[in-house]
Amino acid sequence: MTVAAPPVAPATGRNVSSGAGGSRVGRSGPVTWMVLPALLLFVVFGVVPLIGVVALSFTQWDGLGPIHANGFANWRSVLSDPQTWHSVLVTFEIMILSWAVQTPMSLLLGTFLAGRQRYRAFLAVLYFIPLLLSSAAIAITYKALLDPNFGLGAGLHIDFLTQDWLGKSNLAIGVVVFIVSWQFIPFHSLIYQGGVRQIPTTMYEAASIDGAGRIRQFFSITVPQLKYTIITSSTLMVVGSLTFFDLIFVLTAGGPGDATRVLALDMYKRGFMSNQMGPASVIASIIVLLGLALALLLRRLGGSATASQQEGA
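So, how was this worked out
Residues numbered from 1 in each chain as written. Predicted model: local features only at pLDDT ≥ 70, side-chain atom pairs only at ≥ 80, totals over all residues. Heavy atoms only, no water. Helix = DSSP H or I, 4+ residues; strand = E, 2+ residues; numbered from the N terminus. Buried < 20%, exposed > 50% of the residue type's maximum accessible area, 1.4 Å probe, protein only. Contact = heavy atoms within 4.5 Å. Areas by Shrake-Rupley, 256 points an atom, 1.4 Å probe, with all protein chains shown as cover. pLDDT = per-residue confidence, 0-100. Core = buried A, V, L, I, M, F, W, Y, C linked by side-chain atoms within 4.5 Å. Axes fitted to C-alpha atoms, helices over the stretch in contact; angles between N-to-C directions. Parallel < 35°, antiparallel > 145°, perpendicular 65-115°, else oblique. Left-handed = near helix turned anticlockwise from the far one by under 90°. Nonpolar A, V, L, I, M, F, W, Y, C, P; charged D, E, K, R; others polar. Phe/Tyr/Trp six-rings, centres within 6.5 Å; stacked < 30°, edge-to-face > 60°.

A short note on the overall build of the protein chain
Okay, step 1: For the protein chain, the count of helices and strands is 15 helices and 2 strands.
Okay, step 2: Residue burial in the protein chain is summarised as follows: out of 313 residues, 34% are buried.
Okay, step 3: Nonlocal contacts in the protein chain, meaning residues at least 24 apart in sequence, comprise 67% of its contacts between residues at least 6 apart.
Okay, step 4: Here the protein chain displays about 19,000 Å² of accessible surface, and carbon together with sulfur accounts for 70% of that area.

With respect to the confidence of the model for the protein chain
Okay, step 1: Averaged over all residues, the pLDDT of the protein chain is 86; the fraction at 70 or higher stands at 87%.
Okay, step 2: Note on residues 8-25: pLDDT under 50 across the span, and 1 contact to partners over four residues away in sequence or across chains.

Details of the nonpolar core
Okay, step 1: Formed by 20 residues in total, the largest nonpolar core has its most connected members in Ile94, Val175, Ile179, Ile248 and Leu251.
Okay, step 2: Those elements that place two or more of their residues in this core are helix 3 (82-113), helix 6 (135-145), helix 8 (169-197) and helix 12 (246-251).
Okay, step 3: The leading source of residues in this core is helix 8, at 6 residues.

What about helix 13 (residues 263-273)?
Okay, step 1: All buried positions along helix 13 are accounted for by Leu263, Ala264, Leu265, Asp266, Lys269, Arg270 and Gly271.
Okay, step 2: On its buried face, helix 13 sits against helix 2 (73-79), helix 3, helix 12 and helix 14 (277-302).
Okay, step 3: Two residues or fewer past helix 13, Asn275 is found with a positive phi of approximately 55 degrees.

Describing the packing of helix 6 against helix 8
Okay, step 1: Two elements in contact, helix 6 and helix 8, have axes whose closest approach is 11 Å; the angle formed by their N-to-C orientations is 130 degrees. Taken together, the axis directions place helix 6 and helix 8 in an arrangement best described as oblique. In the packing of helix 6 onto helix 8, the handedness of the crossing is right-handed. Within the contact between the two elements, helix 6 uses Ser135, Ile138 and Tyr142 and helix 8 uses Phe178, Ile179, Trp182 and Gln183.
Okay, step 2: Of the residues that constitute the contact of helix 6 with helix 8, the class distribution is 5 nonpolar, 2 polar and no charged.

Quick word on the packing of helix 8 against helix 11 (residues 227-241)
Okay, step 1: The geometry of helix 8 relative to helix 11 is characterised by a closest axis approach of 10 Å and an angle of 165 degrees between their N-to-C directions. Between helix 8 and helix 11, the angle is such that the two are roughly antiparallel. The two elements helix 8 and helix 11 meet at a crossing, and its hand is right-handed. Contacts between helix 8 and helix 11 involve Phe187, His188, Ile191, Tyr192 and Gly195 from the former and Thr229, Ile230, Ser233, Leu236 and Met237 from the latter.
Okay, step 2: Class assignment of the residues belonging to the contact of helix 8 with helix 11 gives a composition of 6 nonpolar, 4 polar and no charged.

Some remarks on the packing of aromatic side chains
Okay, step 1: For the structure shown, the criterion picks out 12 aromatic pairs.
Okay, step 2: Taking 5.2 Å as the distance between ring centres and 85 degrees as the angle between the ring planes, the aromatic pair formed by Phe58 and Phe72 counts as edge-to-face. Pair noted here: Phe58 is in the loop between helix 1 (13-56) and strand 1 (59-60) and Phe72 is in the loop between strand 2 (68-69) and helix 2, with a separation of 14 residues, a long-range link.
Okay, step 3: When its relative accessible area of 52% is taken as the criterion, Phe72 is described as exposed.
Okay, step 4: Arranged with centres 5.4 Å apart and planes meeting at 80 degrees, the rings of Phe160 and Trp165 form a pair that is edge-to-face.
Okay, step 5: Phe160 gets classed as exposed once you look at its relative accessible area, which sits at 55%.
Okay, step 6: On the basis of relative accessible area, Trp165 is assigned to the buried category, the value being 12%.

In structure tokens, the structure reads:
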């Protein structure tokens, strides 16, 4: 004789939701603990040194002797020094020019490398090599190649290359922008390559059916879909330009004159060559403030992350 099992009451929506909510609450604990090590490292190596630099900007210290507080004297002297504003101008000049060179080149190169042909994977690895090299080593190499007496131009007897590239202000700025772009275009090309591969192929197929060529597809589909990728890449370029030091220090040492004396180099010369740690800390604080302001400005131009996801969908 078979006995039918009694019917089981269906679970209510309240129980299901509470169970799901309970699982989410249960998972939040481990996630929080996993974030703590990274947060601790950021506080120890990021926030604490930054607070120390800001505090040091209100003191007088030669790097060895006792530290004496002097209020806003360092800030007044630095902000009233024409050399500071010259360094700001040079920094923004290199920033804008390098962005203007890197962005279109990286965008075109990243779009090209996003293809599926096998040889493009080899080219992607080849183009990535400059980013693996040391900036100081790159500066030494280019300094030797551009030497008007013993460099590449003198060896090949090419008059154009035998100019005093690092001895004239305009040429020195151009050389710095060229070398910076040559080194970092591969990194940004990699960002654009990943962005292009996220664009649905159906959009290009529909454009081809409508008769749009590759150039029209690039400007009507690729560039608009990469709006937020461009914002991200530009943020890295702009903020990174504020910290150019080793390449310029080895290549030109800020010369000729002060033509390539950027803020980071100005900070180094004041702090470690003139033993003025207070004014150097003021410049370091200015660099941080400029970086935050530019990053927030570009983030405002890029919009929210939700809008970015909806745009790329």
